[in-house]
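# Structural characterization, general
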Amino acid sequence: MAKKSIMSPRLKEEIAKELGFYDVVEKEGWGGIKARDAGNMVKRAIEMAEQANGEFAKRNE
């Protein structure tokens, strides 16, 4: 059974481009990326979410 992705395809592509491994995704698909790249992608998504949450909290103070 395939796992459902929590990140949108657009967000995953954006982060992969930012981290410099989107070329691998284009050639081999998401299964072709290294575990380290996948971990860095999750880490970056968390950082982005925390930053967005912080900005949201500041606006609502």
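Residues numbered from 1 in each chain as written. Predicted model: local features only at pLDDT ≥ 70, side-chain atom pairs only at ≥ 80, totals over all residues. Heavy atoms only, no water.

In total, this model carries 2 salt bridges according to the counting rule given. Between Glu-47 and Arg-44 there is a salt bridge, with its nearest N and O atoms 3.6 Å apart. Residue Glu-47 and its partner Arg-44 are both found in helix α3 (residues 35-59); the two are separated by 3 residues, about one turn of the helix. A single salt-bridge network, built from bridges that share partners, covers Glu-18, Arg-44 and Glu-47. (Salt bridge = Lys/Arg side-chain N within 4 Å of Asp/Glu carboxyl O. Helix = DSSP H or I, 4+ residues; strand = E, 2+ residues; numbered from the N terminus.)

Turning to the packing of aromatic side chains, a few remarks are in order. Per the counting criterion, the structure on display carries 0 aromatic pairs. Above the ring of Trp-30, the side-chain terminus of Lys-12 is found at 4.9 Å from the ring centroid. (Phe/Tyr/Trp six-rings, centres within 6.5 Å; stacked < 30°, edge-to-face > 60°. Lys NZ or Arg CZ within 6 Å of the ring centre and 35° of its normal.)

Within the secondary structure, Lys-12 is located in helix α1 (residues 9-19). This buried residue, Lys-12, is left without a salt bridge; Glu-13 holds the nearest opposite charge, at 8.3 Å. (Buried < 20%, exposed > 50% of the residue type's maximum accessible area, 1.4 Å probe, protein only. Lys, Arg positive; Asp, Glu negative; His and termini not counted.)

For any part of a model where pLDDT is low, the fine detail of the predicted coordinates should not be relied upon. Per-residue pLDDT for the protein has a mean of 88; in total, 84% of the residues score no lower than 70. Mean pLDDT across the elements of the protein bottoms out in α3 (87) and peaks in helix α2 (residues 22-28) (97). (pLDDT = per-residue confidence, 0-100.)

What follows is about the nonpolar core. Among the nonpolar cores identified, the biggest contains 9 residues, and these are Met-7, Ile-15, Ala-16, Phe-21, Tyr-22, Val-25, Ile-33, Met-41 and Ala-45. Sorting the residues of this core by element identifies α1, α2 and α3 as the ones contributing at least two each. Setting aside residues no more than four positions away along its own chain, Ile-15 makes contact with Met-7, Met-41, Arg-44, Ala-45 and Met-48. (Core = buried A, V, L, I, M, F, W, Y, C linked by side-chain atoms within 4.5 Å. Contact = heavy atoms within 4.5 Å.)

Buried within α1 are the following residues: Lys-12, Ile-15 and Ala-16. All buried residues of α1 project into a common sector of 100° when viewed along the axis, lining one side. Facing away from the buried side of α1 by over 90 degrees, the exposed positions are Arg-10 and Lys-17. Gly-20 sits one or two positions beyond α1 and adopts a positive phi of about 85°. (Arc of directions from axis to C-beta.)

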